Amino acid sequence: LLLNHPGIKAVILGNEYDYFDPGNTTYIPWENQNPKTMAMFIKDSINIIKTLKPDVEIVIGAPYNPATALEPLVYEMAQIQVPIGQVVYAVHAYQDIENLNTKLNSTWRVLDKYVIPRRIWISELGALGSETQQENLTQMIELAFNEGAGNVCLYHASAHDGFGF
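Read on for an overview of the structure. (Residues numbered from 1 in each chain as written. Predicted model: local features only at pLDDT ≥ 70, side-chain atom pairs only at ≥ 80, totals over all residues. Heavy atoms only, no water.)

## Observations concerning the overall build of the protein chain
Then comes step 1: Summing up its helical and strand segments, the protein chain has four helices and five strands in all.
Then comes step 2: Counting the 165 residues in the protein chain, one finds 42% classified as buried.
Then comes step 3: In the protein chain, of all internal contacts separated by at least 6 residues, the share reaching a separation of at least 24 is 71%.
Then comes step 4: Within the structure as shown, the protein chain displays about 9,100 Å² of accessible surface, and the carbon and sulfur contribution to it stands at 53%. (Helix = DSSP H or I, 4+ residues; strand = E, 2+ residues; numbered from the N terminus. Buried < 20%, exposed > 50% of the residue type's maximum accessible area, 1.4 Å probe, protein only. Contact = heavy atoms within 4.5 Å. Areas by Shrake-Rupley, 256 points an atom, 1.4 Å probe, with all protein chains shown as cover.)

Below, the structure is given as structure tokens:
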């Protein structure tokens, strides 16, 4: 893919590896939400990607719950010499500015603990409420950029009333 599409500037590795919904039979969770195997996937992927295209930005896919899942992942990445300070960390938020603020604070706590630069992308962003959705999204985007987000991706989930845009 990288070789056939020279315009690719970034690759997101993984997505909500810690998410599990036992009632959803179509969703296959990451190997028991194991941060060690996720870290190995990230390391191997970075090695392949950087061999093919060294200038590609690597983004670590957002955990579903950064308050509980980000630190174990970063710890495991550090244990196997993943360059934890040279990648971007993704965040997802879907409710309102408080939800985004909570997820950002959880992410900052981990990045600060491991002395990692605060480089983030908001790789999925949506807001609740048909009446306040535009206002919520506007506030969330403003907060994201004020907090230093390098990218904000709006998420359109038409199957879920009130989410996305």
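## What to know about a nonpolar patch on the surface
Then comes step 1: Together, Leu3, Ile48 and Leu52 line one region of the surface with nonpolar side chains, adding up to about 310 Å² of accessible area.
Then comes step 2: If you trace the backbone, Leu3 turns up in the segment before β1 (10-13). (Patch = residues over 30% accessible without salt bridge, like charges linked within 9 Å, V, L, I, M, F, W, Y side chains within 5 Å. Salt bridge = Lys/Arg side-chain N within 4 Å of Asp/Glu carboxyl O.)

## Some thoughts on helix α2 (residues 66-79)
The periodicity of an α-helix, 3.6 residues per turn, causes residues three or four places apart in sequence to face the same way.
Then comes step 1: Between the first and last C-alpha of α2 there are 19 Å, a value that for 14 residues agrees with the 20 Å anticipated at 1.5 Å per step.
Then comes step 2: What α2 keeps buried is the set Pro66, Ala69, Leu70, Glu71, Leu73, Val74, Glu76 and Met77.
Then comes step 3: Residues of α2 that are buried make contact with α1 (35-52), β2 (57-60), β3 (88-93) and α3 (97-113).
Then comes step 4: Sitting at the head of α2, Asn65 places a side-chain oxygen 3.1 Å from the backbone nitrogen of Ala67.
Then comes step 5: Directly beyond the C-terminal end of α2, a positive phi value near 65 degrees is found at Gln81. (Expected span 1.5 Å × (residues − 1). Polar contact = N/O pair within 3.5 Å; in protein donor to acceptor, adjacent residues only side chain to side chain.)

## Looking at the environment of Ala39
Then comes step 1: Tracing the backbone through its elements, the reader meets Ala39 in helix α1.
Then comes step 2: Sequence separation of Ala39 and Gln81 is 42 residues, and the distance between their C-alpha atoms is 9.7 Å.

## Focus: the packing of aromatic side chains
Then comes step 1: Evaluation of the coordinates by the stated rule reveals one aromatic pair.
Then comes step 2: Over the ring of Tyr64 we find Lys103; its NZ or CZ atom is 5.8 Å from the centre of that ring. (Phe/Tyr/Trp six-rings, centres within 6.5 Å; stacked < 30°, edge-to-face > 60°. Lys NZ or Arg CZ within 6 Å of the ring centre and 35° of its normal.)

## Quick look at the packing of α2 against α3
Then comes step 1: At a minimum axis separation of 9 Å, α2 and α3 run at an interaxial angle of 25 degrees. By the criterion of interaxial angle, the relationship of α2 to α3 is roughly parallel. The handedness of the crossing between α2 and α3 is right-handed. Within the contact between the two elements, α2 uses Pro66, Ala67, Leu70, Glu71 and Val74 and α3 uses Lys103, Ser106, Thr107, Arg109, Val110 and Lys113.
Then comes step 2: For the contact of α2 with α3, a count of residues per class yields five nonpolar, two polar and four charged. (Axes fitted to C-alpha atoms, helices over the stretch in contact; angles between N-to-C directions. Parallel < 35°, antiparallel > 145°, perpendicular 65-115°, else oblique. Left-handed = near helix turned anticlockwise from the far one by under 90°. Nonpolar A, V, L, I, M, F, W, Y, C, P; charged D, E, K, R; others polar.)

## Focus: the sheet that holds β1
Then comes step 1: Spatially, five strands are ordered β1-β2-β3-β4-β5 in an open sheet, and the strand pairing comes out parallel. Across the chains shown, the open sheet's two edge strands, defined by having one partner strand only, are β1 and β5 (149-154). When strand polarity is set aside, the average angle formed by the axes of neighbouring strands in this sheet is 25 degrees.
Then comes step 2: Summarising the sheet, β3 and strand β4 (residues 120-125) pair through five bridges and their orientation is parallel. When the sheet's bridge partners are listed, Tyr89 is paired in β4 with Ile120.
Then comes step 3: Where α1 meets the sheet, it contacts β1 and β2, and its direction lies at approximately 160 degrees from that of β1.
Then comes step 4: This element, α3, spans β3 and β4 of the sheet and lies at about 155 degrees to β3. (Pairing = 2+ DSSP bridges.)

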